[in-house]
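Inside the fold
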Amino acid sequence: MRFVVHQKNKSEIPGKPIFIGTKKQDTIHITLMAYDDERFVEVTIETIEDILKYTEQYKNVWVNIDGIHDVAPIKKICTLFNIHPLIAEDIANTGLRSKSDIDDDFIFTVIKMMFLGKYQRLHAEQVSMYLTKNILFTFQEQRGDVFDPIRERLRNKKGRIRANNLSYLKYCLLDTIVDNYHLLVEIFGENVEELEDRILSNPNKDILESINKNKIELNYFKKNIRPAREAISNFKNYKTPLITKREQHFFNDLNELIGRVYEALENYKSMLSEQLTVYSTHVNYKLNEIMKLLTIFSVVFIPITFIAGIYGTNFEFIPELKLKYGYFIMWGFIIAVALSMLLFFRKKKWF
Amino acid sequence: MRFVVHQKNKSEIPGKPIFIGTKKQDTIHITLMAYDDERFVEVTIETIEDILKYTEQYKNVWVNIDGIHDVAPIKKICTLFNIHPLIAEDIANTGLRSKSDIDDDFIFTVIKMMFLGKYQRLHAEQVSMYLTKNILFTFQEQRGDVFDPIRERLRNKKGRIRANNLSYLKYCLLDTIVDNYHLLVEIFGENVEELEDRILSNPNKDILESINKNKIELNYFKKNIRPAREAISNFKNYKTPLITKREQHFFNDLNELIGRVYEALENYKSMLSEQLTVYSTHVNYKLNEIMKLLTIFSVVFIPITFIAGIYGTNFEFIPELKLKYGYFIMWGFIIAVALSMLLFFRKKKWF
Amino acid sequence: MRFVVHQKNKSEIPGKPIFIGTKKQDTIHITLMAYDDERFVEVTIETIEDILKYTEQYKNVWVNIDGIHDVAPIKKICTLFNIHPLIAEDIANTGLRSKSDIDDDFIFTVIKMMFLGKYQRLHAEQVSMYLTKNILFTFQEQRGDVFDPIRERLRNKKGRIRANNLSYLKYCLLDTIVDNYHLLVEIFGENVEELEDRILSNPNKDILESINKNKIELNYFKKNIRPAREAISNFKNYKTPLITKREQHFFNDLNELIGRVYEALENYKSMLSEQLTVYSTHVNYKLNEIMKLLTIFSVVFIPITFIAGIYGTNFEFIPELKLKYGYFIMWGFIIAVALSMLLFFRKKKWF
Amino acid sequence: MRFVVHQKNKSEIPGKPIFIGTKKQDTIHITLMAYDDERFVEVTIETIEDILKYTEQYKNVWVNIDGIHDVAPIKKICTLFNIHPLIAEDIANTGLRSKSDIDDDFIFTVIKMMFLGKYQRLHAEQVSMYLTKNILFTFQEQRGDVFDPIRERLRNKKGRIRANNLSYLKYCLLDTIVDNYHLLVEIFGENVEELEDRILSNPNKDILESINKNKIELNYFKKNIRPAREAISNFKNYKTPLITKREQHFFNDLNELIGRVYEALENYKSMLSEQLTVYSTHVNYKLNEIMKLLTIFSVVFIPITFIAGIYGTNFEFIPELKLKYGYFIMWGFIIAVALSMLLFFRKKKWF
Amino acid sequence: MRFVVHQKNKSEIPGKPIFIGTKKQDTIHITLMAYDDERFVEVTIETIEDILKYTEQYKNVWVNIDGIHDVAPIKKICTLFNIHPLIAEDIANTGLRSKSDIDDDFIFTVIKMMFLGKYQRLHAEQVSMYLTKNILFTFQEQRGDVFDPIRERLRNKKGRIRANNLSYLKYCLLDTIVDNYHLLVEIFGENVEELEDRILSNPNKDILESINKNKIELNYFKKNIRPAREAISNFKNYKTPLITKREQHFFNDLNELIGRVYEALENYKSMLSEQLTVYSTHVNYKLNEIMKLLTIFSVVFIPITFIAGIYGTNFEFIPELKLKYGYFIMWGFIIAVALSMLLFFRKKKWF
């Protein structure tokens, strides 16, 4: 499904969360994971106030909300956890560009999660992440995401994820999203490379369409990844007590990774431009062939048609017409003219 | 409204303020805001000398003059506040390129303020800012600007604006102007991206016009933003006691921001170039199709028209004409020729 | 043989080595070289467990396995030497991109070895290298490689290779592979330069095909060398006790070398693009010539054919037809028209 | 007037000043300004030996020679002031590229002064500057230059020019020349921008000529400014006691300025290239329209002309000819064919 | 004469000097210059062993060998002075790319010397330089080189050349070669600039050929200068006791110089590309004019020829044919049609 941007809704009353976007899911689904080095608990939240019980007991609480069309719970959460109304509004608006707001006591990140959905179609879904001292909210448009490996690592105490705090978890989530960019761009790149080989060995009329389809896909990638890159590079520039120096290092790595992804996109972009040139040259070459054919036919037949026309005139006195073999002489002449034209083209190596 | 540059008027007598430009407003309107950390006053100035009362009492005085076609008050202000006649002249000339003159006791900045006016049309209006120790003058072509949020912050003592001095206010004004560049460029960029999708999926003959309109708009942006970028980068290079070290930092940020805006423009520029290539390839492709059609018709009909011509000759002795079914034999022959031509094109996959 | 990428097989059960790729060899062939400064032994291994005897006695053991279609021995080796199942899987998959996994106790590198095989055809073969403390495994798709000079140096105690440890050997192997890239790219480059001279002096219709063939070859190079460059640049970024500081220096040199190779490729790429433009201009020029010819013929014959047509009409009263020399007057007129057309083109320097 | 380069004369006997170039002025005119912080004198020199009187009395002497076609005085000056014969030769040769020879006891600079002369035409005139301890010679092709503001500053003791020594004066002269480059390039740039708007909104056949004229002008700029840039950058690289550390700073600024001028030229160059592409696309588009028209006419008339041809044959037995309304049936058929062709093009949206 | 690369001969038995290349000279000519600060001797060597006499007496000996087709003396020299057989082989192979082998006790450089020979034709000749402690060998393909100014300086004790050792001499020789590159590239550049002006003001059909000839020449330059640049940049990277720190500085300068030469080449390359685009646009424009002419003629004559055809049909009953002035009415109609077509084109401003 193609992602739809609802720019015009931007003029809504600010600070009041209104769901903006195409409804992707009907019911809201909230899951909570609370953990520290020792303990781990995973529950489905029915009443929003229940979250408070976990934030009191655990150092790290991750609340994932699937479905943001129903703004009431979002509003409730925001009120309960003292989240700024403007941010609440942003969460409910799925037409935002990726961005990061980094402050001393919270980090709010909007990012597009890209993945291959049903029938291998490219999906982009907006994920909003709100991180404060001991709670991380993630808001998604619908169930299903790319975070399962991280959930697994949390459950199994695999890697250093449980020992670290929530900003590390946030890093992991962003890293997973960017890794998916990388994967998708690589698959895209292989299509482009394959197309290149096809264009070079056998260009036909589907090629232009294929190039254009690839270009549209590339634009879709760039539209999603370019703001994401800026959102992530923000972590490098701003300092906040929520991110330790050691974690800063991870965000820098992430920044480099998304930079490489973007570089790869640029590379594929220039490949597509080049392909267009190759195709264009091929079209020119074929035009030449077409014109040669037309010219050969015209140049051969135009003079002889003229000759026939001459003897079709009704002048009273045309000496040739009286000749007994006039008709055959005309044919002889016509054939001579036609052959000499053909010889001329032969000599010019037109065929 | 398109901005008009009056280069030729440059040769006027220097040092005498003459209004150069299209008249945008009839009456001059002067507002004054005087403030310090504690106090705030906002008045409309009728007599220019009144300004002096506020500069005596307040640390920070911002005088905004809307309407510069009437040069008398400008001259009066300049005389009263000891502003150099050449600067007075610059203020009255709306055809200047953006620039910054930074000196030890004043900073004079000319910059284009861009915004969307009525009917969503792009406007550029020249704003001149003259900053000295405790007074900041801003001269605008007409009422209405993008500074209202800053006025609000001054009134409400919101943020650090009241606690800071006038160079910070000047930074805020420039920042607002640049932020508007950013916004407008982003809207422009979305148009360009949309156009790209349209070109790739369905190019038609309006496309060339759309590309060209976008290019004109882009040039308009670049013409206004490029000098503005230089004007702002000047703050980085020159040192003046009017700007504290801490504020210098803000101007550096501003410099980066306008740099990013310009970079985005460059990006859209290369997108438009690319679009032109795509369109050009499409035109080539269609030319090919047209020529194919012409060639098929010509190549099929030229030989058979020739045959008909032959039997239209008036030779006395043409054996075929005497045959009873000569006419039908000719038709048979003509159809055979035409079909073989069509088969030839079929084999070549021309249709 | 062109290398085939089996992307779809990526979804196989992870961690279980399955041979993915086209079978290149039927029997597995394992050779072992064990050496230190003093001693050197070279044997063919029949039973995998025999390797252990050498690792116990020698500081440096290089085991080369030719043929990876039979996954059983690979599995056995991996189990015996405690190699992670995911790496075992990678070894058996010949469709990987080049890469380096660098850890504290092992370095695993996948790289494409390129060489000219039979009939001067370009080959790419995947080589996987697994290095731990005192053993280096190299897995190749089939017998025959570019490492013979290194084997010779090991046997003859030539250079510093015997005095150094296995990471130096690994560097030498990679260096040889990259040197071969260099050689092949240079040969390719000479073809491109030769083609350029041919295009510039005498462009004909085989040129487009030659350019395209070169482009395909270039893409093949880039596909193999680009990931290799990343794999090698990894050695610069990551630190591991397996590589001494002095050896790090060699890897940096190698990194520079492959960078230069890639740069040369980019250079040839832009040469090919330029060649396409030259060819395209030539095609345009020829189209012009064709159209001139067609136009001359058409413009000369169209009016005179029309004149003949006029006198072929059957009106009852056409005064000219009654003239005694009407026919000759018509001829005179026709010739005058034709000549004036030709003069017109002559004046325009069309021929 | 276009500047003429006389490359072939380079092979003259070296070391002997011969005037090479087009004669621009008949009489030589020498003016001298001698000054120090306190004193200032300005005289016209008739006898070259008179210069010595001033060099004895004043710390700074600037001798300006207008007219270099008469080599005798140049030779005399060079002999008198111990200037190397090769430099004397360079002074007399107006076909040199800009350059700087920097030595311990002299600085010799050749630079092109550009300005708008009569009828707004671009002029380039060679200025040679020879600086030693207390004398600066400037040789110009003819009277009239861009140095008047500097003369004014010298006379009026305005700015720091009188307090500084001759290398500062030299800097001022070069700065004025480069400032003029800047001005001219900006005027040129405005023409280019204006042309761009014209191309985008209404391209017609004068455009190609305008683009080409701009390109020629651009080349003229680049030819003069590129070597000037190198000549000025030389001051950065070489050290000489003639330039103090503080002045070095000015030369660095000058270097930056000319760098920016050159950058602007590059920018306009790429704009012109882009304009060519736009124009080219437009030409392609129009070709398409032309071909459409030709094709519509051909495709409509070719079949119906064929039909008429058929009934112009002289077969003895053509059944249709005998029909009473045969002629009108033919017309009906012809109209049907023509209309169906037109409908076909209508459906294809060709008109 | 165009330089011929003999790549295939590379597979000769290594280490045995065989002359590879086109014979340029029949007799070998050896000259020797021996010098130190005080003494200088210049002799022609007949017997190779004589060289030893000078190496014993002088600190610096420069042996120049003209003619390398006769491998016997080369072999003898190499044996006598302990030069590695592989280097001897390289000396005799004139098909090498420029390169530098820098070791602790020798420096071997192969470089192409370019100069204008007879009839202003571009020549490239291979020069091999072998430098050890107190002897420098230079091997040239034939007599005549660009080193005469250096010989003069050696003879006349001009400059610091005699006071320095052989690595300085080698630097001087390389510098002279690179200076000649510079000169030739500048002459080439002037041709390119001149061509540009010609293309812009009056493009005709010789232009394409001229561009292509320039491109071939450019490629010839790049082929020779690119490897030379690498050979010279090697001096920067490698350290050898043969080059003092102070001399290292000279080699760095040389490196910069050749870098600038290469940069200039790149500049001319992009100028040529641009010229091709200009020419291509011009060709397109002319095609447009041609097609306009063809279309005007076709569109005017096709309908009227059809009309004539109609009245050439032999239907028994064609009312118009019976009219007394039918023929003149037809003419009237034909003229009306033709004129309206012409008016249509006039309105479209086609002529």
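Residues numbered from 1 in each chain as written. Chains lettered and ligands numbered in written order. Predicted model: local features only at pLDDT ≥ 70, side-chain atom pairs only at ≥ 80, totals over all residues. Heavy atoms only, no water.

This next bit is on the sheet that holds strand S2 (residues 40–45) of chain D. All names here are of chain D. With respect to topology, seven strands assemble into an open sheet ordered S2-S1-S3-S7-S6-S5-S4, the strand pairing being mixed. Each end of this open sheet is capped by a strand with a single partner; those strands are S2 and strand S4 (99–102). Along the sheet, successive strands turn relative to each other by an average axial angle of 20°, direction set aside. One ladder, built from five bridges, connects strand S6 (residues 122–131) with strand S7 (residues 135–140); its direction is antiparallel. Bridge pairing links Met129 to Thr138 in S7. Sheet strands in contact with helix H1 (residues 50–57) are strand S1 (29–35), S2, strand S3 (60–66) and S7, and its direction is about 165° off that of S2. This element, helix H6 (residues 206–237), spans S4, strand S5 (107–116) and S6 of the sheet and lies at about 150° to S5. (Pairing = 2+ DSSP bridges. Helix = DSSP H or I, 4+ residues; strand = E, 2+ residues; numbered from the N terminus. Axes fitted to C-alpha atoms, helices over the stretch in contact; angles between N-to-C directions. Contact = heavy atoms within 4.5 Å.)

This part takes up the packing of aromatic side chains. Residue and element names in this part refer to chain A. Applying the stated criterion across every chain yields a total of 115 aromatic pairs over all chains. Note on Phe297 and Phe301: the rings are 5.9 Å apart at their centroids and 15° apart in plane angle, and the pair reads as stacked. Taken together, the positions of Phe297 and Phe301, both in helix H7 (residues 245–310) and four residues apart, correspond to about one turn of that helix. With a centroid separation of 6.5 Å and 85° between ring planes, the pair formed by Tyr327 and Trp331 is classed as edge-to-face. (Phe/Tyr/Trp six-rings, centres within 6.5 Å; stacked < 30°, edge-to-face > 60°.)

Before going further, it helps to examine the relation of the copies chain E and chain C. Note on the copies: chain E fits chain C at an RMSD of 0.1 Å, the axial shift is 0.1 Å, and the rotation between them is 73°. Between the two chains, the operation in question is that of a five-fold axis. Across chain E, the rotation axis passes nearest the C-alpha of Gly312 of chain E, at a separation of 4.5 Å. (Least-squares fit on C-alpha atoms with pLDDT ≥ 70 in both.)

When the UniProt feature table is mapped onto this chain, "transmembrane region" (unreviewed entry) is found at residues 293–313 and 325–345 of chain A. Taken end to end, residues 325–345 of chain A is 95% helix and 0% strand, and its first and last C-alpha atoms sit 30 Å apart. (UniProt positions renumbered as here; feature names shortened; annotations may be inferred.)

Turning to the pattern of salt bridges, a few remarks are in order. Across all of its chains, the model carries 65 salt bridges over all chains by this definition. A salt bridge links Arg39 of chain B to Asp36 of chain B; the shortest N-O distance between them is 3.0 Å. Note that Arg151 of chain C is salt-bridged to Asp148 of chain C, the shortest N-O span being 2.9 Å. Linking Arg151 of chain C with Asp148 of chain C, this pair stays in helix H4 (residues 148–156), spanning three residues, or about one helical turn. Note on Asp148 of chain C: relative accessible area 45%, which makes it partly exposed. Each of the salt bridges in this network shares a partner with another, and the network as a whole consists of Glu42, Glu152 and Arg155 of chain A. (Salt bridge = Lys/Arg side-chain N within 4 Å of Asp/Glu carboxyl O. Buried < 20%, exposed > 50% of the residue type's maximum accessible area, 1.4 Å probe, protein only.)

Side-chain positions along a regular strand alternate between the two faces of the sheet. Residues and elements named next belong to chain A. Bridge count between strand S1 (residues 29–35) and strand S2 (residues 40–45): six bridges; the pairing is antiparallel. If you follow Ala34 over to S2, its bridge partner there is Val41. Turn length for the S1-S2 hairpin, with the two strands adjacent in sequence and antiparallel, is four residues.

Turning next to the confidence of the model for chain A. Residue and element names in this part refer to chain A. Counting all residues, the mean pLDDT for chain A is 85, and 92% of those residues have values of 70 or more. Confidence drops under pLDDT 50 across residues 1–14; counting only partners more than four residues distant or on other chains, this segment forms 27 contacts. The complex model carries a pTM of 0.79, and its ipTM stands at 0.73. (pLDDT = per-residue confidence, 0-100.)

Taken together, the side chains of Phe317 of chain A together with Leu323, Tyr325, Phe328 and Ile329 of chain C present a nonpolar region at the surface, about 490 Å² in accessible area. By secondary structure assignment, the location of Leu323 of chain C is in the loop between helix H8 (319–322) and helix H9 (326–347). (Patch = residues over 30% accessible without salt bridge, like charges linked within 9 Å, V, L, I, M, F, W, Y side chains within 5 Å. Areas by Shrake-Rupley, 256 points an atom, 1.4 Å probe, with all protein chains shown as cover.)

Attention now moves to the packing of helix H5 (residues 166–201) of chain A against helix H6 (residues 206–237) of chain C. One can describe the packing of H5 of chain A onto H6 of chain C by two numbers: an axis separation of 9 Å at closest approach and a directional angle of 160°. When the interaxial angle is binned, H5 of chain A and H6 of chain C end up roughly antiparallel. The chirality of how H5 of chain A crosses H6 of chain C is left-handed. In this structure, H5 of chain A contributes Glu193, Glu196, Asp197, Leu200 and Ser201 of chain A to the contact, and H6 of chain C contributes Asn212, Lys215, Ile216, Asn219, Lys223 and Arg226 of chain C. (Parallel < 35°, antiparallel > 145°, perpendicular 65-115°, else oblique. Left-handed = near helix turned anticlockwise from the far one by under 90°.)

If you look at the interface, chain A gives 44 residues, while chain B gives 43 residues. Interface area for chain A against chain B, summed over the two sides, is near 4100 Å², with a carbon-plus-sulfur share of 64%. If you sort the residues of chain A by the area they bury against chain B, Ile290, Phe297 and Tyr327 of chain A come out on top, with a joint share of 15%. Viewed at the interface, chain B and chain A are joined by three salt bridges. For Arg226 of chain A, the salt bridge goes to Glu193 of chain B, with nearest N and O atoms at 2.9 Å. Here chain A and chain B share 12 residue pairs in polar contact (both at pLDDT 80 or more) between them. Those elements giving two or more residues to the side of chain A that touches chain B turn out to be helix H6 (206–237), H7, helix H8 (319–322) and helix H9 (326–347) of chain A. Looking at the side of chain A that touches chain B residue by residue, the classes come out as 21 nonpolar, 12 polar and 11 charged. (Buried area = accessible area lost by both parts, 1.4 Å probe. Polar contact = N/O pair within 3.5 Å; in protein donor to acceptor, adjacent residues only side chain to side chain. Nonpolar A, V, L, I, M, F, W, Y, C, P; charged D, E, K, R; others polar.)

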